[in-house]
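Commentary on secondary and tertiary structure
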Amino acid sequence: MTEATTAKIHWNGGVQAEAINILKEDGGMIVSPTKVGYIIMTSDDKGLERKFAAKNRKRNKPGVVLCGSVEQVKELAQMTPEIEQMYQQHWNEDILLGCILPWQAEAKSKIPNDGTKDLMMDQRETSCFVIKFGTPSENIAKEMWEKYGKFSFASSANPSGKGNRGLVAGIGDQIENAADLIIEADDYVASIQPDKTLDTRYEQGVMVSMVDEAGQLIPEQNGAVGVQPAPIVIRKGLDVDKIMKIMSDIFSSWDYRHGFYY
């Protein structure tokens, strides 16, 4: 076993300056806590390349873009008023949500022309835009965007084929050794699902596809029945019951197809 030399600190309860200092530089990569466990956070192509190497991860999945406000989602992604309403309601109720959406043309032009685009989108040029993923990482993503104009990309900090079970000890040697910094907050992660055990806890957030097979935005429903294509819940996870209730209030039609995208 390789001896880990990566700096490990306990979350300070606010904005972790050490993380900002790493991510605002080229190629920075950290491990940070969320509501459902630990993630790898990066902010550019070099960091994304390091993430793929650390995880031995396939490149066909949409990249996860962490957003520190609903305004940031609006700035980056195409949305209908109904999808905006969905994001706003989840924001107001502090519910973790990720939706597959196409990029705004203007936002796409802000992506550095260094290979980042190929690593943060799928072949349809969509990404998963996530909000309310947990205060430690939210604080970092918000500051990175608002102060430095840099994106925050995420991927679960899991050894291949395993979950980290919400414990920093579960991220595995390969990821631990590859990161520049590890922010530990096992107590924060445990506080989100206090009634769950290691076997019953959710290790991921809900993901909803808001695009058709070609990556185009779904049509607005305006209360009409049977409008297709409709939103599809493609991954169940934390607060899936609350999310499906909100979706039922906003959309007359939506589908549940866990695992559908992959």
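Below you will find a few notes about this structure. (Residues numbered from 1 in each chain as written. Predicted model: local features only at pLDDT ≥ 70, side-chain atom pairs only at ≥ 80, totals over all residues. Heavy atoms only, no water.)

This brings us to the pairing of strand E8 (residues 181–184). Covered by surrounding structure in E8 are Leu181 and Ile183 together with Ile182 and Glu184, the residues of both alternating faces. Across 4 bridges, strand E1 (residues 7–10) lies against E8 in parallel orientation. Across the sheet, the residue bridging to isoleucine 9 is isoleucine 183, located in E8. The pairing of strand E2 (residues 29–33) with E8 spans 2 bridges and is classified as parallel. Considered in E8, the bridge of valine 31 is made with isoleucine 182. (Buried < 20%, exposed > 50% of the residue type's maximum accessible area, 1.4 Å probe, protein only. Helix = DSSP H or I, 4+ residues; strand = E, 2+ residues; numbered from the N terminus. Pairing = 2+ DSSP bridges.)

The next subject is the side chain of serine 209. Along the chain, serine 209 turns up in strand E9 (residues 207–209). A polar contact is formed between the side chain of serine 209 and the backbone oxygen of valine 211, at a distance of 3.4 Å. Setting aside anything within four residues of it in sequence, one finds serine 209 in contact with Ile100, Ala230, Pro231, Ile232 and Ile234. (Polar contact = N/O pair within 3.5 Å; in protein donor to acceptor, adjacent residues only side chain to side chain. Contact = heavy atoms within 4.5 Å.)

This part takes up unusual backbone geometry. Going from glutamine 228 to proline 229, the amide bond is cis rather than trans, its omega being -5 degrees. If you trace the backbone, proline 229 turns up in the loop between E9 and strand E10 (232–235). Non-glycine residue glutamate 125 carries a positive phi angle of around 65 degrees. Within the secondary structure, glutamate 125 is located in the loop between helix H6 (116–120) and strand E6 (126–131). We note that arginine 165 has phi near 60 degrees; this positive angle belongs to a residue other than glycine. Mapped onto the elements, arginine 165 comes out in the loop between strand E7 (153–156) and helix H8 (173–178).

An α-helical segment advances 3.6 residues per turn. Residues three or four places apart therefore align on the same side. For helix H10 (residues 240–250), the full list of buried residues reads Val240, Ile243, Ile246, Met247 and Ile250. Looking straight down H10, one finds its buried side chains confined to an arc of 125 degrees; they lie on one side. Along H10, exposed side chains directed more than 90 degrees from the buried face belong to Asp241, Lys245 and Asp249. Tucked inside the fold, the buried residues of H10 contact helix H4 (81–92), strand E5 (97–102), E9 and E10. (Arc of directions from axis to C-beta.)

Once that is clear, we can look at the environment of tryptophan 145. The residue tryptophan 145 is located in helix H7 (residues 135–148) in this model. Take tryptophan 145: its relative accessible area is 14%, and that puts it in the buried class. A C-alpha to C-alpha distance of 25 Å links tryptophan 145 and glutamate 82, two positions 63 residues apart in sequence. If sequence neighbours within four positions are ignored, tryptophan 145 has contacts with Gln72, Glu75, Leu76, Lys150 and Phe151.

The next subject is the sheet that holds E2. Taken in spatial order, the 11 strands of this open sheet run E1-E8-E2-E3-E7-E4-E6-E5-E9-E10-E11, and their pairing is mixed. In this open sheet, the two strands that pair with only one neighbour each are E1 and strand E11 (255–256). Contacting E5, E6 and E9, H4 crosses the sheet at an angle of about 155 degrees to E5. (Axes fitted to C-alpha atoms, helices over the stretch in contact; angles between N-to-C directions.)

Before going further, it helps to examine the packing of aromatic side chains. Counted under the stated rule, the structure contains 5 aromatic pairs. Plain terms: the ring middles of phenylalanine 151 and phenylalanine 153 are 5.8 Å apart, the flat faces sit at 20 degrees to each other, and that makes the pair stacked. When sorted by exposure, phenylalanine 151 lands in the same class as phenylalanine 153, which is buried. Joined through ring pairs, the aromatic side chains of Trp103, Phe129, Trp145, Phe151 and Phe153 make up one cluster. For the cation-ring pair, lysine 51 lies above phenylalanine 52, with the distance from its terminal atom to the ring centre recorded as 4.3 Å. Its guanidinium or amino end placed over the ring of phenylalanine 260, arginine 257 lies 4.6 Å from that ring's centre, counting from NZ or CZ. (Phe/Tyr/Trp six-rings, centres within 6.5 Å; stacked < 30°, edge-to-face > 60°. Lys NZ or Arg CZ within 6 Å of the ring centre and 35° of its normal.)

A few words on the pattern of salt bridges. Applying the stated criterion across every chain, the model contains 16 salt bridges. Measuring nitrogen to oxygen at the nearest pair gives 2.7 Å for the salt bridge that ties lysine 108 to glutamate 125. With lysine 108 in helix H5 (residues 105–108) and glutamate 125 in the loop between H6 and E6, this residue pair connects regions lying 17 residues apart in the sequence. On the basis of relative accessible area, lysine 108 is assigned to the partly exposed category, the value being 24%. A salt bridge links arginine 257 to aspartate 255; the shortest N-O distance between them is 3.0 Å. Note on arginine 257: relative accessible area 33%, which makes it partly exposed. Salt bridges linked by common partners bring Lys35, Asp94 and Lys132 together as one network. (Salt bridge = Lys/Arg side-chain N within 4 Å of Asp/Glu carboxyl O.)

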